[in-house]
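Descriptive analysis of the structure
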Amino acid sequence: MGKGVFYNRYLNCYYISVASLLLIFFSACRSTKHLAPDQYLLWQNKLSLKSDKVMPNKGEIKDNLDRIIIQKPNNNYLGIMPFKVPMKLWRYNRRYNKLSSRPDSLLPKSVERPTIFDSTTMPRTVQNMKTYLFNQGYFYATITDTVIFKGKKAHTSYKVNAGYNYLINNIIYKIDDSGISKIVTNNENATFLKKGKEFAYSMLEEERSRITNLVANQGYRRFNLENISFKLDTMDKSVFKVVGSPFENVVNFVAQNKSNKKKTLDIIILIRKTEDTLTYNKYRISKVNVYPDYKGSGSISNFGMVTKRINGVDFYYNKYYVNAKVLQEHIFLNPGELYSKRNEDKTTTKLGELGIFQYIKVQFRENRKTRDSLECNIFLNRTKKHDFSTNYEISNGTTYALGNSVSLNYRNKNFLKGANLLSIGINGGLESFYNDDIAEDVYRRFRILTRYYGVNASLDFPKFLAPIASSLFTGTNLPHTIIGGGENVIDRVNYFRLVNSSANFAYSWQQSDTKTWGLTPAFVNNIRLPFTTDSFDNLLDSNEYLANSYKQTFIHGENISFKYDKSSKKNGASHTYVRLAFEEAGGILNTINILGDALNSIYKLEFAQYTKFDFDLRHYLSLNHSSLALRFYGGFGIPSGNSPTLPYIKQYFAGGPYSLRGWRIRTLGPGSYLNPEKRQLNQIDRTGDIKLEMNSEYRFPIAPLFAGAIKMNGAFFADAGNIWLASKTEAYPGGEFAFNKLEQDIAVDVGVGTRLDIASFLTFRVDMAMPIKKPYVMTKSGWVVKDIDFSNPTWRTDNLILNISIGYPF
């Protein structure tokens with residue numbers, strides 16, 4: 001079975017799939033067959049939004065307005081209106097006689113009754129939209145709703161003109177307690193209510209939470225949201241009244257004449273004592289008790305408990321299994337200090353980060369006589385100390401290459417009773433290539449391309465280990481110290497065996513919920529090639545760049561990284577991800593030249609010198625029933641001193657299921673260089689010193705499978721980028737980076753993919769891509785769109801790339 005035959009079979013499957021979809025599509029036209037004469041199927045809700053002024057968050061407001069629409073059409077699993085196929089409704093109509101008499105609670109999840117158009121929902125939708133816009137500060141919104149009937153289908157339309165919203169003018173505080181007044185006014189610069197900012201009711205809730213937390217962190221434990229209210233003061237005092245619920249103002253709102261100039265309002269913040277007479281009492285912590293192995297009330301009443309006291313905090317153990325000093329460093333509630341809600345939350349978070357507790361509970365007991373002190377009890381339930389796990393993965397970057405790997409991992413979560421995390425991992429895998437010409441049996445056409453295996457270990461200390469004072473960091477962002485090492489082997493069967501011995505000393509700390517830092521003051525890699533084939537040696541003799549890339553090298557350096565990730569805060573909404581990293585190697589050894597010479601003479605090694613910067617910028621845009629994912633990432637390395645190139649393990653590559661999917665892994669570049677072995681799978685990797693890559697994916701749902709246990713999603717994607725060399729070399733003509741060559745050197749591919757999300761645990765991904773711009777084609781700047789010919793077996797063999805992998809590409 002040749003490559004052309006394989007692709008012909010694939011194309012036949014493709015045609016069958018398309019025909020099936022068309023059959024479903026035309027079947028959907030019969031989705032109204034069971035409706036009564038006076039009934040109409042709600043087929044589409046159309047929403048348009050405009051305003052008198054620029055709306056910075058127009059997309060978000062439009063999405064929220066769409067969610068407010070009360071009546072929704074039946075689910076559309078192709079996600080794109082021209083191909084609307086309500087598959088659940090289609091399944092329901094096929095089994096109508098059996099399912100129509102069942103109550104909704106007994107219907108299978110794979111079916112859905114037709115959404116019968118209800119005209120009474122449209123006025124309610126309009127009112128809800130006006131209320132929402134009012135709470136966003138758009139007080140003069142107008143909404144026109146219409147419905148058009150096409151046959152037995154109803155198409156609704158909502159045309160929204162948001163008008164304009166108010167600007168914040170003055171902020172006025174009215175507080176009936178001098179102590180709280182001082183706290184609030186001293187921190188008013190942190191307010192969410194900024195003068196000149198467009199007003200929205202959500203800002204009042206943010207400000208209410210900010211003031212509540214601010215006061216609660218100063219000992220006022222009973223102070224809560226109910227102590228704060230707002231009054232909005234406009235030119236027409238009858239427009240607003242005290243805000244109990246934002247929705248009450250809609251009823252009392254009297255429209256004013258519009259003007260081109262935006263109106264302003266004053267916000268009065270009222271802080272008053274409620275029925276709780278202890279609201280303004282300040283509390284101090286009198287005692288802190290910690291029970292590290294709590295199993296219920298009976299476990300803290302046993303005689304013979306081990307007790308420890310550290311910095312005034314008392315620890316009570318049934319069994320002394322973890323160092324009390326370690327726990328005390330992660331507790332921010334101390335005797336004699338004012339109660340702080342922030343410190344209570346920090347204590348729960350930091351103890352949880354140790355990873356040795358199943359649950360954490362912080363309780364306070366109030367002194368009923370003085371009403372100004374608290375006894376704090378912290379109950380900790382220990383989790384299992386040892387953890388074993390195995391992972392097996394199958395991946396494929398092309399139609400012919402198959403990879404599989406297995407890893408065995410062991411974790412000791414409380415090594416040496418210090419909540420230290422000891423991790424040991426053993427991994428191994430194979431990569432194979434496929435060749436039609438080497439055997440008749442399809443299974444024997446696979447040949448091993450690469451073997452890789454290794455062992456790695458790390459020890460994570462929940463403390464700052466360094467000769468300098470830890471006072472440089474606050475208690476909440478105290479770094480973890482990580483010491484690691486490993487031995488890994490890459491065996492390219494027909495070329496070489498590379499051994500990488502590594503060790504590192506690193507710190508990791510979280511600046512905030514969204515910002516994380518990593519610092520490695522020292523790392524080393526000792527790269528050796530104990531075995532090379534004659535053909536590989538000949539290749540190195542004729543290629544200076546490869547000879548420098550694969551030479552035995554000693555790397556000593558340091559790096560720092562920063563990550564900003566707001567995904568956990570957004571719960572699927574639009575968010576941004578940023579990762580930046582800088583690495584330097586060889587500087588210290590070069591500065592201490594004598595040591596460098598000693599290493600070279602003793603170990604017969606050359607040390608690498610380079611600087612390297614990596615970046616990864618992503619934005620995930622949440623759309624209506626779909627999403628758009630964008631990424632711009634890459635890096636550049638600058639070899640220096642003894643190193644004409646970056647070491648092999650530090651170089652960049654392009655192509656494959658997590659990169660440019662229109663090329664096989666490590667077969668693209670550098671630059672416009674044309675690889676003479678492009679038709680050979682068993683070839684040496686194409687690597688570079690510089691990488692730029694851009695990716696975009698439009699992701700949408702297709703259909704749920706097996707009662708929703710598996711969700712089938714689809715994607716249209718485009719990738720662009722390449723790798724380059726830092727300097728010109730005769731071995732790779734056109735491979736060097738130059739700004740005036742970027743238009744030619746950028747490769748572009750497009751494709752379509754399917755993702756199977758299995759129980760929100762595992763994502764199986766299949767992507768089919770094809771190049772539409774090849775940097776090594778020197779005509780038309782490399783664009784080859786006009787050459788696309790799906791009917792040509794040779795074209796399909798050379799251009800259609802199938803990627804099978806686990807997880808999303810980014």
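Residues numbered from 1 in each chain as written. Predicted model: local features only at pLDDT ≥ 70, side-chain atom pairs only at ≥ 80, totals over all residues. Heavy atoms only, no water.

Here we come to the overall build of the chain. Tallying secondary structure elements over the chain gives 17 helices and 28 strands in all. Looking at the chain residue by residue over its 810 residues, the buried ones come to 46%. The contacts in the chain between residues at least 6 apart in sequence include a share of 66% that link residues at least 24 apart. Accessible area of the chain: about 40700 Å², with a carbon and sulfur share of 56%. (Helix = DSSP H or I, 4+ residues; strand = E, 2+ residues; numbered from the N terminus. Buried < 20%, exposed > 50% of the residue type's maximum accessible area, 1.4 Å probe, protein only. Contact = heavy atoms within 4.5 Å. Areas by Shrake-Rupley, 256 points an atom, 1.4 Å probe, with all protein chains shown as cover.)

The mixed open sheet is built from three strands, whose spatial order is E4-E6-E5. Of all the strands in the sheet, just strand E4 (167-175) and strand E5 (228-233) have a single pairing partner and so form its edges. Neighbour-to-neighbour, the strand axes of the sheet open up by a mean angle of 20°, direction not taken into account. When E4 meets strand E6 (residues 264-271), the two strands line up parallel, connected through seven bridges. Bridged to Lys-174 within E6 is Leu-270. Where helix H6 (residues 178-186) meets the sheet, it contacts E4 and E6, and its direction lies at approximately 155° from that of E4. Running over the sheet, helix H7 (residues 201-216) touches E4, E5 and E6 and is turned about 140° from E5. (Pairing = 2+ DSSP bridges. Axes fitted to C-alpha atoms, helices over the stretch in contact; angles between N-to-C directions.)

A full pass over the atoms with the stated rule returns 28 salt bridges. Between Asp-314 and Lys-287 there is a salt bridge, with its nearest N and O atoms 2.6 Å apart. Highlighted residues: Asp-314 in strand E9 (residues 313-317) and Lys-287 in strand E7 (residues 284-291), separated in sequence by 27 residues. What makes Asp-314 buried here is its relative accessible area of 6%. Relative accessible area serves as the criterion here: at 27%, Lys-287 is assigned to the partly exposed category. The shortest N-O distance in the salt bridge between Asp-345 and Lys-341 comes to 2.9 Å. In this pair, Asp-345 and Lys-341 both sit in helix H10 (residues 341-353), four residues apart, roughly one turn of the helix. (Salt bridge = Lys/Arg side-chain N within 4 Å of Asp/Glu carboxyl O.)

Okay, the sheet that holds strand E11 (residues 373-382) next. Strand order in the open sheet formed by five strands is E8-E9-E7-E11-E10, and the pairing between neighbours is mixed. Edge positions in the sheet fall to strand E8 (306-310) and strand E10 (357-366), since each of these pairs with one other strand and no more. With strand direction ignored, the average angle separating the axes of adjacent strands in the sheet is 20°. Where E7 and E9 come together, three bridges link them in parallel fashion. Opposite Val-288, over in E9, you have Val-313 as the bridge partner.

Right, let's talk about the packing of aromatic side chains for a bit. Scanning the model with the defined rule gives 35 aromatic pairs in all. Judged by centre distance (5.4 Å) and plane angle (85°), the ring pair of Phe-505 and Tyr-507 falls under edge-to-face. Under the relative-accessibility criterion, Phe-505 is labelled partly exposed at 27%. With relative accessibility at 8%, the residue Tyr-507 sits in the buried group. Residues Trp-724 and Phe-737 carry aromatic rings whose centres are separated by 5.3 Å and whose planes lie at 90° to one another, so their mutual orientation is edge-to-face. Residue Trp-724 is found in strand E25 (residues 710-724), and its partner Phe-737 is found in the loop between E25 and helix H16 (742-745); the two are separated by 13 residues along the sequence. Three or more aromatic residues joined by ring pairs form one cluster here, namely Phe-134, Phe-139, Tyr-166, Phe-199 and Tyr-201. The ring of Phe-717 is capped by Arg-661, whose NZ or CZ atom sits 3.8 Å from the centre of that ring. Between Arg-765 and the ring centre of Tyr-658, over which it is positioned, the NZ or CZ distance is 5.1 Å. (Phe/Tyr/Trp six-rings, centres within 6.5 Å; stacked < 30°, edge-to-face > 60°. Lys NZ or Arg CZ within 6 Å of the ring centre and 35° of its normal.)

Here we come to helix H2 (residues 58-68). All of the buried residues in H2 are Ile-61, Asp-63, Leu-65 and Asp-66. Tucked inside the fold, the buried residues of H2 contact strand E1 (41-50), helix H5 (121-135), strand E3 (153-161) and strand E22 (610-623).

The next subject is unusual backbone geometry. Omega for the bond connecting Gly-669 with Pro-670 falls within 30 degrees of zero, at 0°, which places this linkage in the cis form. For Pro-670, the position within the fold is in the loop between strand E23 (626-639) and strand E24 (690-705). Positioned with a positive phi, Arg-371 is a non-glycine residue whose angle comes to about 55°. Backbone geometry places Ser-781, a non-glycine residue, at a positive phi of 60°.

Here the focus is the nonpolar core. Across soluble globular proteins, nonpolar side chains have a tendency to be buried as a group. If you look at the biggest cluster of nonpolar residues, it comprises 30 residues, and the most contacted ones within it are Ile-180, Phe-199, Ile-267, Ile-269 and Ile-271. Mapped onto this core, the elements with two or more residues apiece are E4, H6, H7, E5 and E6. Those residues in contact with Ile-271 that lie beyond four places of it in its chain are Lys-174, Ile-175, Asp-176, Ile-180, Val-184, Ile-211, Phe-223, Asn-227, Ile-228 and Tyr-280. In terms of nonpolar packing, the next biggest core, distinct from the first, is built from 28 residues, Val-290, Val-362, Phe-364 and Ala-419 among them. (Core = buried A, V, L, I, M, F, W, Y, C linked by side-chain atoms within 4.5 Å.)

Residue-level pLDDT values for the chain average 85, and 83% of them are 70 or greater. Contacts for the low-pLDDT stretch residues 1-7, under 50 throughout, to residues beyond four places or in other chains number 18 contacts. Across residues 250-259 the pLDDT falls below 50, and counting only partners more than four positions away or on other chains, this stretch makes 24 contacts in the model. (pLDDT = per-residue confidence, 0-100.)

This paragraph deals with a nonpolar patch on the surface. Among the surface-exposed residues, Tyr-392, Val-406, Leu-408, Ile-424, Ile-426 and Val-455 lie close enough to one another that they form a single nonpolar patch of about 530 Å² accessible area. For the nonpolar patch, the elements supplying multiple residues, two or more each, are strand E13 (402-415) and strand E14 (420-434). Relative to the elements of secondary structure, Tyr-392 occurs in strand E12 (residues 386-395). Tyr-392 sits in the exposed class, given a relative accessible area of 53%. (Patch = residues over 30% accessible without salt bridge, like charges linked within 9 Å, V, L, I, M, F, W, Y side chains within 5 Å.)

Structurally, the position occupied by Asn-367 is in the loop between E10 and E11. Residue classification places Asn-367 among the partly exposed residues on the basis of a relative accessible area of 30%. A sequence separation of 84 residues divides Asn-367 from Tyr-283, and the C-alpha atoms of the two residues are 9.6 Å apart. Within polar-contact distance, the side chain of Asn-367 engages the backbone nitrogen of Lys-369 at 2.9 Å. (Polar contact = N/O pair within 3.5 Å; in protein donor to acceptor, adjacent residues only side chain to side chain.)

This part takes up H7. If you check H7, its first and last C-alpha atoms are 23 Å apart, about what 16 residues at 1.5 Å a residue would give, namely 22 Å. The complete set of buried residues in H7 reads Tyr-201, Met-203, Leu-204, Glu-207, Arg-208, Arg-210, Ile-211, Thr-212, Leu-214, Val-215 and Ala-216. (Expected span 1.5 Å × (residues − 1).)

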